[in-house]
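An overview of the molecular structure
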Amino acid sequence: MTASAYGRLTPRMAWQLAAPHTWPAAILPVLVAAAAAAVTSFSISATMVCVLLVICVLMQSAVNTFNDYYDYVKGADSADDNVDPTDAVLVYNNVNPRAALALAVGFLAAAFLLGAYVIWIAGWIPLAIGAAGAVVVVLYSAGKTPISYLPIGELVSGFVMGGLIPLACYQALSGTFDLRALLWAVPTILGVGLIMFTNNTCDVEKDVESGRRTLSVLLGRERARKLYHGVVYAWVAAIVVLVAAFFTNGLLVMPFMLLASYPLLKALLGNPLAPQARIGAMAQVCSANIALGAFYAAAILASGIAVAL
């Protein structure tokens, strides 16, 4: 099909390609890092927090758009995949896929332009971490064998978005490179990894047909669900243990977290993670990320307030 035969990529379609429902994977790691920096350093810059937040949202949007583009051109996406039409722009709209590719590159370029401010203030360490993240963003979907087609996809996406982002943000906000920030990010690593794990377990049959060798494909749905449940329990336990060990006064937030997140986690654990349940499962895991991530950040901040009092 010639370029003239395609319709234009509208702002609404660009918004859908950015997939705002997945932004918790970018926002919550920044929130946790900001909370940790706030209670372990004298002060943090609100401007820097906002810049870091926008950078991470742009990088997440780039991941989503690259993924949609490469899945479409490889024929891995179709209208039969139990996806919301707003989550499959290239499948349901007559849009030139090259326009989506250009949008993805634009998201990444905008993130690096904003990164110049971070580098100016915080030095080269966030640049090095961000560059590593950008390489993974591209390799996640591009190439002959993308990371998203391999059984390490959950680990890589969780570590980069949920681990490296908090590490870089903590350094930029506190001025200190502290590997404890990576330890404190274990809950966000697990939470972000679970978003991909949810999607892949729901898509087992589709991924088998398209030649993907994801962790869920290798395990099969039943064993994948058992591992999935174990990771969910580990996710909650990691928050409680880390708050108890490093932010002890924040333990007062934990009962509220458990009570508030119980309905979300119960629904998530009860989901069959089958193709027809995909849309609901993705909504549930993103909601659980928001609840647990927000309460974790609140517990960290509460520990600082309690110490001050």
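Note that this is a predicted model, so its numbers are computed, not measured.

What counts and how
- Residues numbered from 1 in each chain as written.
- Predicted model: local features only at pLDDT ≥ 70, side-chain atom pairs only at ≥ 80, totals over all residues.
- Heavy atoms only, no water.
- Phe/Tyr/Trp six-rings, centres within 6.5 Å; stacked < 30°, edge-to-face > 60°.
- Buried < 20%, exposed > 50% of the residue type's maximum accessible area, 1.4 Å probe, protein only.
- Lys NZ or Arg CZ within 6 Å of the ring centre and 35° of its normal.
- Patch = residues over 30% accessible without salt bridge, like charges linked within 9 Å, V, L, I, M, F, W, Y side chains within 5 Å.
- Areas by Shrake-Rupley, 256 points an atom, 1.4 Å probe, with all protein chains shown as cover.
- Salt bridge = Lys/Arg side-chain N within 4 Å of Asp/Glu carboxyl O.
- Helix = DSSP H or I, 4+ residues; strand = E, 2+ residues; numbered from the N terminus.
- UniProt positions renumbered as here; feature names shortened; annotations may be inferred.
- 1 Å grid on protein atoms, 1.4 Å probe; cavity = no way out; pocket = protein on both sides within 12 Å on 5 of 7 lines; lining within 4 Å.
- Points joined across faces, edges and corners; volume = space filled by probe spheres on them.
- Nonpolar A, V, L, I, M, F, W, Y, C, P; charged D, E, K, R; others polar.

Let's shift gears to the packing of aromatic side chains. Enumeration according to the criterion identifies nine aromatic pairs in this entry. Aromatic pair Phe 246 and Phe 247: ring centres 6.5 Å apart, planes at 50 degrees, arrangement tilted. Residue Phe 247 is classed as buried on the basis of its relative accessible area of 4%. The rings of Tyr 170, Trp 184, Phe 246 and Phe 247 are connected pair by pair, giving a single aromatic cluster. A cation over an aromatic ring shows up here: Arg 212 above the ring of Tyr 149, its NZ or CZ 4.4 Å from the ring centre.

Now for a nonpolar patch on the surface. Taken together, the side chains of Phe 112, Ile 119, Trp 124 and Leu 127 present a nonpolar region at the surface, about 400 Å² in accessible area. Mapped onto the nonpolar patch, the elements with two or more residues apiece are helix 5 (97-122) and helix 6 (124-141). Among the secondary structure elements, Phe 112 is positioned in helix 5.

Another point: the UniProt feature "transmembrane region" (unreviewed entry) in the chain. What UniProt calls "transmembrane region" (unreviewed entry) maps, in this numbering, to residues 26-59, 99-118, 124-143, 155-173, 179-197, 227-247 and 286-308. Structurally, residues 99-118 is divided into 100% helix and 0% strand, and its ends, taken at the C-alpha atoms, are 29 Å apart. A helix fraction of 100% and a strand fraction of 0% characterise residues 155-173, whose end C-alpha atoms lie 26 Å from each other.

Turning our eyes to something else, we now look at the layout of surface pockets. Space inside the second largest pocket adds up to approximately 220 Å³. Lining the second largest pocket we find 13 residues, and of these Glu 154, Leu 155, Leu 190, Gly 193 and Val 231 sit closest to its centre. Of all the elements in the fold, those that place two or more residues in the lining of the second largest pocket are helix 7 (153-174), helix 9 (186-202) and helix 12 (221-246). Broken down by element, the residue count for the lining of the second largest pocket peaks at five residues, all from helix 9. Within the lining of the second largest pocket, the residues separate by chemical class into ten nonpolar, two polar and one charged.

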